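Notes for the structure review
Listed below, chain by chain, are the residues.
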Amino acid sequence: MAFLLLLVMLTACAATPQDLSSKMFTFPEETRTANVRLTTSGQMFNAVTVCLRSITDLSRAHALFSLATPSSDNGFLIFKGAANNIISVSVVNTDAGFRGQDYKLNTWHPICSTWDSESGLAQLWLDGKPSIRKFTGGSNITNPIVILGQEQDSYGGKFDRRQSFIGMITDVHMWDHTLSSCEVQRYVDDRNFSPGNVLNWRALEFQTTGRVLIENKQLPCY
């Protein structure tokens, strides 16, 4: 009975979409189990934009957004490496490392990335500043599983605690097309942007596993 109660405590599911506008996910410890699985509104994409806001004090490598498909564990991955100034975007298991990123610890960062299969180009925005565009190639992304807090080394699992995320994440959106620079800036400024049509933080279907807290956003005091 106690074990069943523990499972209920450690797993929470939003079967119907929830408005998390004033909320954030808090990942308070290093673990190979704690994660949030997000349900996408579609199952096949030939272009992607992902935006989120995060804060951490990790200097080691960690995953910020992990999308896996049955054939690619890194279907679309945003990954902060151990080097301070590199953030990688992987598409269908092909990596592009974006250097010169001013990724500060204990600081909220808006992060966006785009990719489309027609050009095969990926791009990163950190704090609204665009990177150069790099070629990853890639075909359509199909049957995705999206995980926050862990990096998928297999479809929906095989987590490594040394790549887990510790900190807070909020405002996660995903679109099935590439946003323009102006649209990305509107997201960064939180100013009248169109929410994601694949993942929408204002109407999010998700499941948490392990010690993940849903807390009020920490807003600045004036």
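Fair warning: this is a prediction, and the values are worked out from it, not measured in the lab.

**A few points about the overall build of the chain**
The number of helices and strands found in the chain is 2 helices and 19 strands. Relative to a compact globule of 222 residues, whose C-alpha radius of gyration would be 17 Å, the chain shows 16 Å and is just as compact. Principal-axis analysis of the C-alpha atoms places the extent of the chain at approximately 55 × 50 × 35 Å. Within the span of the chain, comprising 222 residues, buried residues form 51% of the whole. Put simply, of all contacts in the chain between residues at least 6 apart along the chain, 68% involve residues at least 24 apart. Of the roughly 10,600 Å² of accessible surface on the chain, 51% is carried by carbon and sulfur atoms. Here the chain contributes 19 positive and 20 negative side-chain charges, whose respective centroids are spaced 4 Å apart.

**Examining the side chain of serine 54**
Inspection of the secondary structure assignment puts serine 54 in strand β5 (residues 47-55). Using a relative accessible area of 1% as the deciding quantity, one classes serine 54 as buried. Beyond its immediate stretch of four places on either side in the chain, serine 54 contacts Leu64, Tyr103, Thr107, Trp108, His109, Ile111, Phe165, Met168 and Ile169.

**Describing the nonpolar core**
A general tendency of soluble globular proteins is for nonpolar side chains to be buried together. Ranked by size, the top nonpolar core spans 39 residues in total, and within it Phe25, Leu38, Phe65, Phe76, Leu148 and Met174 carry the most contacts. Ignoring any residue separated from it by four or fewer positions in sequence, one finds phenylalanine 76 in contact with Val48, Val50, Phe65, Ser66, Leu67, Val89, Ser90, Val91, Ser113, Trp115 and Ile141. Formed by 9 residues, the second largest nonpolar core is a distinct cluster that contains Trp175, Tyr187, Val188 and Phe193.

**Quick word on the pattern of salt bridges**
Tallied over the entire structure, the rule returns 8 salt bridges. For aspartate 189, the salt bridge is made with arginine 191, and the minimal N-O distance between the two is 3.6 Å. Overlapping salt bridges bring together Glu30, Arg60 and Arg161 as one network.

**Let's talk about the state of the cysteines**
Scanning all chains against the criterion turns up 1 disulfide. At a sulfur-sulfur separation of 2.1 Å, the disulfide partner of cysteine 51 is cysteine 112. Since a negative S-S torsion denotes a left-handed disulfide, the cysteine 51-cysteine 112 link at about 115° is right-handed. Of the two residues, cysteine 51 is situated in strand β5 and cysteine 112 in strand β10 (residues 109-116); the sequence distance between them amounts to 61 residues.

**Digging into unusual backbone geometry**
Positive phi is not limited to glycine here, since asparagine 143 has a value of about 50°. As for its position among the elements, asparagine 143 is in the loop between β14 (141-142) and β15 (145-148). Accessibility expressed as a relative area gives 36% for asparagine 143, which makes it partly exposed. Positive phi outside glycine occurs at lysine 158, with the angle close to 55°. With respect to the secondary-structure elements, lysine 158 resides in the loop between β15 and β16 (167-175). Among the residues examined, lysine 158 registers a relative accessible area of 62% and is labelled exposed.

**Some words on the confidence of the model for the chain**
Per-residue confidence for the chain gives a mean pLDDT of 92; residues scoring 70 or more make up 93%. Scored below 50 in pLDDT, residues 1-10 makes 3 contacts in the model with residues more than four places away or belonging to other chains.

**Considering the pairing of β15**
In β15, alternate side chains face the same way, and those of Ile145 and Ile147 on one face and Val146 and Leu148 on the other are all buried. As paired strands, strand β3 (residues 35-38) and β15 are joined by 3 bridges and run antiparallel to one another. In the sheet register, arginine 37 faces β15, and the bridge partner there is isoleucine 147. One ladder, built from 3 bridges, connects strand β6 (residues 62-68) with β15; its direction is antiparallel. Looking at β15, one finds that leucine 67 is bridged to valine 146.

**What to know about the environment of leucine 58**
The residue leucine 58 is located in the loop between β5 and β6 in this model. Between the C-alpha atoms of leucine 58 and isoleucine 145, which are 87 residues apart in sequence, the distance is 25 Å. When near neighbours in sequence (up to four residues on either side) are disregarded, leucine 58 contacts Leu105, Ser164, Phe165 and Ile166.

**Looking at helix α2 (residues 181-188)**
For α2, the set of buried residues is Val184, Tyr187 and Val188. Taken end-on, α2 shows its buried residues confined to a sector of 100°, consistent with a single buried face. On its buried side, α2 packs onto β5, β10, β11 (121-126) and β16. Positive phi appears at aspartate 190, one or two residues downstream of α2, with a value of about 50°.

Cut-offs used in this document
- Residues numbered from 1 in each chain as written.
- Predicted model: local features only at pLDDT ≥ 70, side-chain atom pairs only at ≥ 80, totals over all residues.
- Heavy atoms only, no water.
- Helix = DSSP H or I, 4+ residues; strand = E, 2+ residues; numbered from the N terminus.
- Rg over C-alpha atoms; globule rule 2.2 N^0.38 Å.
- Buried < 20%, exposed > 50% of the residue type's maximum accessible area, 1.4 Å probe, protein only.
- Contact = heavy atoms within 4.5 Å.
- Areas by Shrake-Rupley, 256 points an atom, 1.4 Å probe, with all protein chains shown as cover.
- Lys, Arg positive; Asp, Glu negative; His and termini not counted.
- Charge placed at Lys NZ, Arg CZ, Asp CG, Glu CD.
- Core = buried A, V, L, I, M, F, W, Y, C linked by side-chain atoms within 4.5 Å.
- Salt bridge = Lys/Arg side-chain N within 4 Å of Asp/Glu carboxyl O.
- Disulfide = S-S within 2.5 Å.
- pLDDT = per-residue confidence, 0-100.
- Pairing = 2+ DSSP bridges.
- Arc of directions from axis to C-beta.

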